[in-house]
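Structural characterization, general
In case you want the letters, here they are:
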Amino acid sequence: MKKRIVSFFTLYLTTIAFADDFIPFVIPAEPSPNSAIHFTSDPILTEKDRIVVRNGHFYRGQEPIRFWGVNFSFSANFPEKNDAPIVARRLAGAGINSIRCHHMDTSHWPQGLWDPQKPDEIYPEALDRLDFFINELAKVGIYIDLNLHVGHPHSRFLDIPESNRQYDKISNLFTPALIDAQKEFAHKMLTHFNPYRKMRYADDPAIAIIEITNENSFFMWSSEETIRTMPLYYNKLLQQQFNDWLKKKYTSQQALAAAWNKEAEPLGTTLLKNGTFSQVTNSGVPANWNTEQHGECKASTAKAGYLDRQCVKIDIKKTDSTEWHIQFNQNGLSLKEGQYYTVSFWAAAPASKKINCNITIAHEPWSNMGLARSITLSPTWQEFRLGFTANASDDNARLSFVLGADETDVFLAHVQLRPGGQVGLDKNESLAQSNIALFGDNEVEARKLDRLIFLAETEKTFFDGMRSHIKNTLGSKSLVTGTIVFGPLGLYGQSDMDFIDAHAYWQHPRFPNRPWDQNDWLIEQKSMINNPEEAILFRLACERLAGKPFTVTEYNHPAPLDSQAECVPLIASFAAAQDWDGVWLYSYSHSNNAWGKNQFTSFFDIHANPGKWGFIPAGAAIFLKYGFHPLGREKWIPLTEEAPLLTGLAKVHAQYDRNMFEAMGRKSPYRWYNLTIERVGYVLDSSAVPQPFNPAFKSYIDWQINNQKGGYSALGPGVMFCAGDREMVARVSRQRIMMQSPDFVVVALTILNGNKWVEADKILLSVCGRCENVGMGFSQDRRTIGTRWGTPPARIEAPAGTVEVPPAQWTCHALKPDGTLGTVVPVNNSNNKSIVSISPKYQTMWYLLTK
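Just so we're clear, the structure is a prediction, and the values are computed from it rather than from any experiment.

Reading the values: the criteria
- Residues numbered from 1 in each chain as written.
- Predicted model: local features only at pLDDT ≥ 70, side-chain atom pairs only at ≥ 80, totals over all residues.
- Heavy atoms only, no water.
- Helix = DSSP H or I, 4+ residues; strand = E, 2+ residues; numbered from the N terminus.
- Rg over C-alpha atoms; globule rule 2.2 N^0.38 Å.
- Contact = heavy atoms within 4.5 Å.
- Areas by Shrake-Rupley, 256 points an atom, 1.4 Å probe, with all protein chains shown as cover.
- Lys, Arg positive; Asp, Glu negative; His and termini not counted.
- Charge placed at Lys NZ, Arg CZ, Asp CG, Glu CD.
- Pairing = 2+ DSSP bridges.
- Axes fitted to C-alpha atoms, helices over the stretch in contact; angles between N-to-C directions.
- Parallel < 35°, antiparallel > 145°, perpendicular 65-115°, else oblique.
- Core = buried A, V, L, I, M, F, W, Y, C linked by side-chain atoms within 4.5 Å.
- Buried < 20%, exposed > 50% of the residue type's maximum accessible area, 1.4 Å probe, protein only.
- Salt bridge = Lys/Arg side-chain N within 4 Å of Asp/Glu carboxyl O.
- pLDDT = per-residue confidence, 0-100.

**Points about the overall build of the protein chain**
If you tally the helices and strands in the protein chain, you get 16 helices and 40 strands. Taking 29 Å as the expected radius of gyration for a compact globule of 851 residues, we find that the protein chain reaches 29 Å, a close match to that expectation. Oriented by its inertia axes, the alpha-carbon framework of the protein chain measures out at about 85 × 65 × 55 Å. At a minimum sequence separation of 6, the contacts of the protein chain that also span at least 24 residues come to 74%. When the accessible surface of the protein chain is split by element, carbon and sulfur atoms take 50% of a total near 32,800 Å². Counting 85 positive and 88 negative side-chain charges, the protein chain places the averaged centre of each group 3 Å from the other.

Written out as structure tokens, the structure reads:
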């Protein structure tokens, strides 16, 4: 075995240096009838197979059930009829019991449902293929999560303006025409009669779940900018609804003014030095201000005049793909938590240019202190007034203008940062005239809270109304959820759905210049196990609501992460430990004509990626077979103790936005490691805290970090999963797993029958390091490959070392990629121990131990 090359400078060379540790491992599209890895589920035939909610979890009849699933995206939902049964058998055999039909409505045929000649009508062949596929899935016990609205822009086909956000998101939560269009599409789908199932979608127990709209909320990412910049049609509509809401709450102008104006605060003295840029240094640059230039970016500053106004000119000479690489800022500002501040300035640019204005801590960890606004400059002077409440106290804060979007120069004048400046009801705003804007300049807390409560009630009205339409008007018996959780008010909006849902991606690719440019993207080469402080699992755990099943319908650690093999068993073990009810990996495939691929060529598709699909059976054994039981402690936290409920929730949301994990610690410190020893979730208020559930059998998570190297272990009655740096894996496994290579390793030991180790006579050992195609074109820092995905076959970095299994007289076989028995692997069954030695020479990631 060659020694590791550890220099960051030579990371690119490690692929070449360890070519002998990479072995081809192409898992065939058509499962072998002789595979030693084969899960089965009963077919879905009648109402007794209907999924219901009982005691906060999913049940199939009288038996609890969890969903272990994958997404099917775009044309993958419409396989040809000769492919559909093969795909279904492969899924079921690996342990999948649900698929999520996603992005069916985004494109026209053959990528989606819509007729290319009649773009607002469903194409018959698409629906026929979907019908057939659902029937084949139901035969092998696979349930359907049917997504209604994902990507169809209904506004494009109605007599209304197009909205300002892709797929009509946010606008379709309050616009009557768009709501009606969504109801009409739900009617088309759910009243459709499936001739192969001989029933309507609304009546089919195989369609277990219906999702109303994907990732869509007034509180989602960048929602405030979307709402502020809506086209006039939508702006007027939402403003009128807001004014009608205010009239019901306050009844009079005087009552509204009394509520909003009592918190108004005049402006204090500016905290900035030389905000007029009248003072310059000996070199001619403005005193007290800094021009930051990172990488090869270049900019200079000088006192200037522009359109008869004295100002500073930031001359931007060279930029790159990162906007913050050029900044103009002032440090050393003293801010107090809870104090309201107003930033005001005049700004212009020779051409339209978007810049950002931020207030952050001027030292590690550089966190934002409450202001992060994007504004658009024009060739004429504009005055901007940006208000915020400081979310922390610091004596070294900074005001920063982020200017590196392009090489257009920027002019700034009369910059001030002053305490106070909050405004309540403007003198020109009137309830009678319904002209009260949804957003006010430098608004008081009462006005902001009213807006948040209005939006929360509007959002909940939409979701409750759509659920009622699906269940009561259309007669669907499926479970319904609205969308994923976006902070406390987003959770409130979903609180009357049948279950709560969330999404998460570790190190999602970034596209620095053009969205989804396949030749221009970056992924940070970071393992979640090595970085628990940043782990997305803990944020997910804190989006759960007591009394409701909890699911994660999109999850992935995208290729080509070196650590992508941690993805599947990590989410399976953590979800089982937290007693969640469903996990769907994103995505099995985006295509219906690539089932037999022998390499992976995208961030998310897992069907041809052995580093992920190869762990699906282990994940099923962990999550579905209850070989890993919930953690022994349970903790439910009230989101607010304040009455009325929505006022309390709005205050928490205003403080923490979507960060439900941070909100968990608002009363007392709460750290990531707390979630490795207890199950958590929220109740909306303190009156609804349930009795804790204490499982009879407990499992354990041990997550350790040492010198930026992590180790994770999940130990249960029928599971031992360990991953991370190989030395840390030895530590967290209590020396049961001793690897010589590679440096980062994933090892999952799972029983395939029985309920605990002593009952099992079949154990699956799944192992992997990195996963790559041949000749992938990594950059030197391994952060991108562009479109250089390499050539077949897909390969895994095969670990070498020893694994101690529960003592017995075991026989071990290396399994071939089709799951059939291969080479016999020696097992040392002596001294009340059983130790199997694994090696790349066995050309596998799967080992089967049998008694």
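Still to come is the rest of the account.
**Brief notes about the pairing of strand E38 (residues 827–830)**
Examined bridge by bridge, E38 and strand E39 (residues 833–838) share 4 bridges and lie antiparallel to one another. Of the residues in E39, the one forming a bridge with Val827 is Val836. Linking two consecutive strands that pair antiparallel, namely E38 and E39, is a turn of 2 residues; a positive phi of about 55° is found at Asn831 within it.

**Let's talk about the packing of helix H11 (residues 567–577) against helix H13 (residues 616–623)**
Running from amino to carboxyl end, H11 crosses H13 at an angle of 5°, the nearest separation of the two axes being 9 Å. On the basis of the axis angle, H11 is roughly parallel to H13. Residue-level inspection shows Val568, Pro569, Ala572, Ser573, Ala575 and Ala576 of H11 in contact with H13, the latter providing Ile616, Gly619, Ile622 and Phe623.

**Description of the sheet that holds strand E3 (residues 57–60)**
Pairing is antiparallel across the open sheet formed by 3 strands, whose spatial order is E2-E3-E4. Strands with a single pairing partner mark the edges of an open sheet, and in this sheet they are strand E2 (51–54) and strand E4 (63–64). With 4 bridges joining them, E2 and E3 adopt antiparallel strand pairing. What sits directly across from Arg54, in E3, is His57.

**A closer look at the nonpolar core**
For soluble globular proteins, the rule of thumb is that nonpolar side chains tend to be buried together. Formed by 185 residues in total, the largest nonpolar core has its most connected members in Trp68, Leu91, Trp260 and Tyr555. For this core, the element with the most residues is helix H8 (residues 445–473), which contributes 11 residues. If we skip the residues at most four places from it in the chain, Trp260 touches Phe242, Leu246, Tyr250, Gly424, Leu425, Ile436, Val444, Ala446, Arg447 and Asp450. Listed in part, the 37 residues of the second largest apolar core include Trp289, Leu335, Leu377 and Leu399.

**Details of H13**
By the criterion of burial, H13 is predominantly enclosed, with 8 of the 8 residues buried. Of the positions making up H13, those classed as buried are Ile616, Pro617, Ala618, Gly619, Ala620, Ala621, Ile622 and Phe623.

**Overview of unusual backbone geometry**
Most of the time, phi is negative for any residue but glycine, and the peptide bond is trans. Residue Ser587 follows Tyr586 across a cis peptide bond; omega there is 0°. Here Ser587 is to be found in strand E24 (residues 582–589). For His414, which is not a glycine, the phi torsion comes out positive at approximately 45°. One non-glycine residue, Asn832, lies in the positive phi region at around 55°. Taking the relative accessible area as the measure of exposure, Asn832 reaches 67% and is therefore exposed.

**Details of the side chain of Asp581**
The residue Asp581 is located in the loop between H11 and E24 in this model. Comment: no salt bridge for buried Asp581; closest opposite-charge side chain is Arg544, at 5.0 Å.

**What about the confidence of the model for the protein chain?**
The predicted model of the protein chain averages 94 in pLDDT, with 97% of residues at 70 or higher. Predicted confidence for residues 1–19 stays below pLDDT 50, and this span has 28 contacts to residues more than four positions away or in other chains.

**A short note on the sheet that holds strand E12 (residues 298–306)**
Read from one edge to the other, the open sheet built from 5 strands follows the order E12-E13-E20-E15-E18, with strand pairing classed as antiparallel. With one partner strand each, in any of the chains shown, E12 and strand E18 (382–389) form the two edges of the open sheet. Recorded for the sheet is a direction-independent mean angle of 30° between the axes of neighbouring strands. Here E12 pairs with strand E13 (residues 309–318) via 9 bridges, running antiparallel.

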